Protein chains: 6
Amino acid sequence: MKQEFSHLSAEGDPRMVDVSEKAVTARTAVAQTIVVLDEAIMDRLENDEIHTKKGPVFQTAILAGIMGAKRTSDLIPLCHPIGLDNCEVNIVVNERREVVITCTARVTGRTGVEMEALTGASVAALTIYDMCKGFSHEIEIRETKLLKKTGGKRDFKRA
Amino acid sequence: MKQEFSHLSAEGDPRMVDVSEKAVTARTAVAQTIVVLDEAIMDRLENDEIHTKKGPVFQTAILAGIMGAKRTSDLIPLCHPIGLDNCEVNIVVNERREVVITCTARVTGRTGVEMEALTGASVAALTIYDMCKGFSHEIEIRETKLLKKTGGKRDFKRA
Amino acid sequence: MKQEFSHLSAEGDPRMVDVSEKAVTARTAVAQTIVVLDEAIMDRLENDEIHTKKGPVFQTAILAGIMGAKRTSDLIPLCHPIGLDNCEVNIVVNERREVVITCTARVTGRTGVEMEALTGASVAALTIYDMCKGFSHEIEIRETKLLKKTGGKRDFKRA
Amino acid sequence: MKQEFSHLSAEGDPRMVDVSEKAVTARTAVAQTIVVLDEAIMDRLENDEIHTKKGPVFQTAILAGIMGAKRTSDLIPLCHPIGLDNCEVNIVVNERREVVITCTARVTGRTGVEMEALTGASVAALTIYDMCKGFSHEIEIRETKLLKKTGGKRDFKRA
Amino acid sequence: MKQEFSHLSAEGDPRMVDVSEKAVTARTAVAQTIVVLDEAIMDRLENDEIHTKKGPVFQTAILAGIMGAKRTSDLIPLCHPIGLDNCEVNIVVNERREVVITCTARVTGRTGVEMEALTGASVAALTIYDMCKGFSHEIEIRETKLLKKTGGKRDFKRA
Amino acid sequence: MKQEFSHLSAEGDPRMVDVSEKAVTARTAVAQTIVVLDEAIMDRLENDEIHTKKGPVFQTAILAGIMGAKRTSDLIPLCHPIGLDNCEVNIVVNERREVVITCTARVTGRTGVEMEALTGASVAALTIYDMCKGFSHEIEIRETKLLKKTGGKRDFKRA
């Protein structure tokens, strides 16, 4: 039996997935994205963002990510409009001097919040880009992916 | 002389860049993002999206990207609200079976449209993710970057 | 006893209807609108939209309708902000060569989704207008109406 | 020579129309829609809306229409985001006891405001529907159409 | 033991408050703001707004307040997106000829609606400002505050 | 001759002001609002916000204010949708331990940005409220007013 795109009708038209029969459960999702900036920009960020952990670039990105997650159903055409019980964005610099953004979304509802987590991470990344682009366009957003989800039909955890 | 973050005031507070003295010029930007889906999903897409070039997944992503580009200043905290003269999203599958999204934005204004192009490409990528996630979460959005910009103080073209 | 406008207070001021005491039930609504385009435009649409049922004009309208339904409470001043469990837009051409748009909305909540269904159908119709207006303004949107609702105090079905 | 859909690329993908080469001119558009309500509702409206011309139903609809016109490019996927120099919504009851909504939009820009006028009229009509639906769903929105446009390549005036 | 900002993480980053473990209860909040206009403007308002209680200035402000309350989570970065069971805005002129706006919000949910009530009152006040500023900028919005809340961990009532 | 409300038609209906004949000029506006928090909250803020001037509460409020200013025409029914060349929000604590928010907006256009400055200041104030309300509701937003405007028919400067 062939599995079909859940977002396409039998005629191939885009559609929402009907979640009216799904159970209301506690659902979480964690997504990650990585922003790679050139060395000169990273040096700038080091002074403030990384050492004090209170720099305005990362803080702006955190807020943009949270607000972006709340706008997910406005942006992604077939996403259900749902509330959020929580949304948290964390930003760290890893040992390879890459900026690692993690967005965790949580809801009690009939459908998962993977897209909210992914959208939050992506908007945070775009915001870092925006704030650093005055120095250089040698910036790349990469590896936006889901790390984990729980509470739906199938849990997922990236190996 | 040290160059500063254009989006931070002398006190380190986030701010818009004042563009009131900038010239009104024709500005364009082209951004690209790549979505890598697992083979099973790509096989699904092949049948419709890739061969006929009219599949509903890519068309939905194109529209979401265009609409997302129009929402850029709602999402990115320090972006100027500007109009758009044009926005075009193209999606192709390259020889490595990666989905390549290109977003071109154009405006006649006082500030560039890099963030519009990047946001349009990102939202299109997230939409492909959303429509394919019913099959698997083995999906990764990678290499979101600016390819080109013209019309501002400095043109940019990625080598 | 005189029945009053539910959206007006005793003083005649506009207000929301208080639904806090209403039961949470599964509610659906189906609305329809008809777009009449001149013959030259219909001939254009025939080649692609109607025969393959995958034309980009109707697909764009379907997506706009779904996204419009999600924005209902942003547009209609006294509508409650509610989620949607599902929203589906269908477009067919009837035997009189009229374009018939049907929008079905579904929610589990304290208030009905008639306005969501009507808004979704209307935005889909406006989108068809937008995409065809390059040919001619001999386009008319007509007969936007509710076909059916279930799950509230009184069901409704148009005769 | 065959005329093509301006909103479709050569490959048939939806796209904005590039207006970057168009002249900035003063542009206006007038759209109309008609709402037909059943007699019981019309009797209600008579007492307040129609005689004093200051009833809250029509005033709410006027405001919703103006606000809706401002949201046009958020709703219609391929509409350009543009400003508005003016937007005016008028509502009268004609001799057949139909509610006639007229929306006039005006901008100085590179593209017309037909969709803004049509969206404003439609949202006003939906708002009247919303405020009267407590009485009955015997309501129909009909004959949404463009009456006039000026300032673009071709003026239009409905015969 | 030191109480911390609920909207800041241990690292001092802004975050939402996780409400996933909170009980779903009926919650209400009432907020008030006062607009003081100069005498010339008040004289204008007297003729229509105050005597008939159906003036277009106050009615526009009421609608703007209700719609603004619905947009709260779009505006306030760390507010949860929640529905509203009801929102009511009242405007009266007190014995000192000040315009007193009261906004009541109500929801059945995991978090309170204080910010919705405060945002609704504020947007209504800004709208009165906007409609009267053609006469004079001698207008001041003052004393925006919460009057009452019920349904959460702690009720509140201003003395 | 009696001066009329610019936002009301001859019939008393709300309407935008037609600015199509106004000159495109550089326009600025500065608005201020004051938030008074109880002593316990101010003590908290002192440690971080006030001494380092980089506290997350004020930074969140600054960003919310800028983003709120960009949404002005979505919130205030009769405001024109216009761009912004700049928006800046500053927050200081004065000698009476009041939090003073100043919002400066700037545009090159046909209409002023008073409402943008006032909305930005108000949303920043509401955000401070939101972030501090976990401690106490003894918070008051007061004295929202315009300080200055330039570039329109009449300049304004508060005495």
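From a predicted model like this one, the values you see are computed outputs, not experimental measurements.

In terms of helices and strands, chain A carries 4 helices and 5 strands. Listing each helix as α and each strand as β along chain A from the N terminus yields β-α-α-α-β-β-α-β-β. If one aligns the C-alpha atoms of chain A with their principal axes, the spans along those axes are about 55 × 30 × 30 Å. Within the span of chain A, comprising 159 residues, buried residues form 65% of the whole. Contacts in chain A between residues far apart in sequence, at least 24 positions, make up 67% of those at least 6 positions apart. For chain A, the exposed surface amounts to about 5700 Å²; the carbon and sulfur share of it is 48%. In chain A, which carries 22 positive and 23 negative side-chain charges, the distance between the mean positions of the two groups comes to 6 Å.

Before going further, it helps to examine the interface of chain B and chain A. Counting residues at the interface gives 52 residues for chain B, matched by 52 residues for chain A. For the pair chain B and chain A, the summed buried surface comes to about 4500 Å²; carbon and sulfur atoms form 63% of the total. Its largest share of buried area at the contact with chain A, chain B owes to Phe-5, Leu-126 and His-137 of chain B, together 14% of the area lost on that side. Our enumeration of links across chain B and chain A arrives at 4 salt bridges. Arg-71 of chain B serves as the salt-bridge partner of Asp-74 of chain A, at 3.7 Å between the closest nitrogen and oxygen. Taken together, chain B and chain A are joined by 12 residue pairs in polar contact (both at pLDDT 80 or more).

We now examine empty space enclosed by the protein. Applying the stated criterion across every chain yields a total of 11 cavities of 30 Å³ or more. Space inside the largest cavity adds up to approximately 110 Å³. Lining the largest cavity are 15 residues, and of these Met-67 and Arg-71 of chain A, Asp-74 of chain B, Asp-74 of chain E together with Met-67 of chain F sit closest to its centre. Elements with a minimum of two residues in the lining of the largest cavity: helix H2 (56–70) of chain A, helix H3 (72–75) of chain B, helix H3 (72–75) of chain E together with helix H2 (56–70) of chain F. If you tally residues by element for the lining of the largest cavity, the top one is H2 of chain A, at 4 residues. Looking at the lining of the largest cavity residue by residue, the class counts come to 5 nonpolar, 4 polar and 6 charged.

All names here are of chain E. In terms of burial, strand S1 (residues 25–37) is largely enclosed, as 10 of its 13 residues are buried. Both S1 and strand S3 (residues 99–109) contribute to a ladder of 11 bridges, which runs antiparallel. Within S3, the residue paired with Arg-27 across the bridge is Val-107. Two strands pair when backbone bridges link them, and S1 and strand S4 (residues 139–150) are joined in this way by 9 bridges, in the antiparallel orientation. When the bridges of S4 are listed, Val-35 appears paired with Ile-141.

Attention now goes to the relation of the copies chain B and chain A. Least-squares fitting of chain B to chain A yields an RMSD of 0.0 Å, with the transformation described by 0.0 Å of translation along the axis and a rotation of 180°. On the angle and the small slide along the axis, the relation comes out as a two-fold axis. It is Arg-142 of chain B whose C-alpha, among those of chain B, lies nearest the rotation axis, at 2.1 Å. The overlap is high: 100% of the interface residues of chain B also sit at the interface in chain A, so the same surface is used on both sides.

The subject of this paragraph is the arrangement of the chains. These two, chain A and chain D, are apart from each other, with no contact and a minimum C-alpha gap of 9 Å. Separated throughout, chain B and chain E approach each other most closely at a C-alpha pair spaced 9 Å apart.

Here we take up the packing of aromatic side chains. For the structure shown, the criterion picks out 6 aromatic pairs over all chains. Judged by centre distance (4.8 Å) and plane angle (90°), the rings of Phe-135 of chain C and Phe-5 of chain D are edge-to-face. Taken as a pair, Phe-135 of chain C in the loop between helix H4 (114–132) and strand S4 (139–150) and Phe-5 of chain D in the segment before strand S1 (25–37) lie in two separate chains rather than in one. According to the relative accessible area criterion, Phe-135 of chain C is buried, its value standing at 18%.

Cut-offs applied
- Residues numbered from 1 in each chain as written.
- Chains lettered and ligands numbered in written order.
- Predicted model: local features only at pLDDT ≥ 70, side-chain atom pairs only at ≥ 80, totals over all residues.
- Heavy atoms only, no water.
- Helix = DSSP H or I, 4+ residues; strand = E, 2+ residues; numbered from the N terminus.
- Buried < 20%, exposed > 50% of the residue type's maximum accessible area, 1.4 Å probe, protein only.
- Contact = heavy atoms within 4.5 Å.
- Areas by Shrake-Rupley, 256 points an atom, 1.4 Å probe, with all protein chains shown as cover.
- Lys, Arg positive; Asp, Glu negative; His and termini not counted.
- Charge placed at Lys NZ, Arg CZ, Asp CG, Glu CD.
- Buried area = accessible area lost by both parts, 1.4 Å probe.
- Salt bridge = Lys/Arg side-chain N within 4 Å of Asp/Glu carboxyl O.
- Polar contact = N/O pair within 3.5 Å; in protein donor to acceptor, adjacent residues only side chain to side chain.
- 1 Å grid on protein atoms, 1.4 Å probe; cavity = no way out; pocket = protein on both sides within 12 Å on 5 of 7 lines; lining within 4 Å.
- Points joined across faces, edges and corners; volume = space filled by probe spheres on them.
- Nonpolar A, V, L, I, M, F, W, Y, C, P; charged D, E, K, R; others polar.
- Pairing = 2+ DSSP bridges.
- Least-squares fit on C-alpha atoms with pLDDT ≥ 70 in both.
- Phe/Tyr/Trp six-rings, centres within 6.5 Å; stacked < 30°, edge-to-face > 60°.

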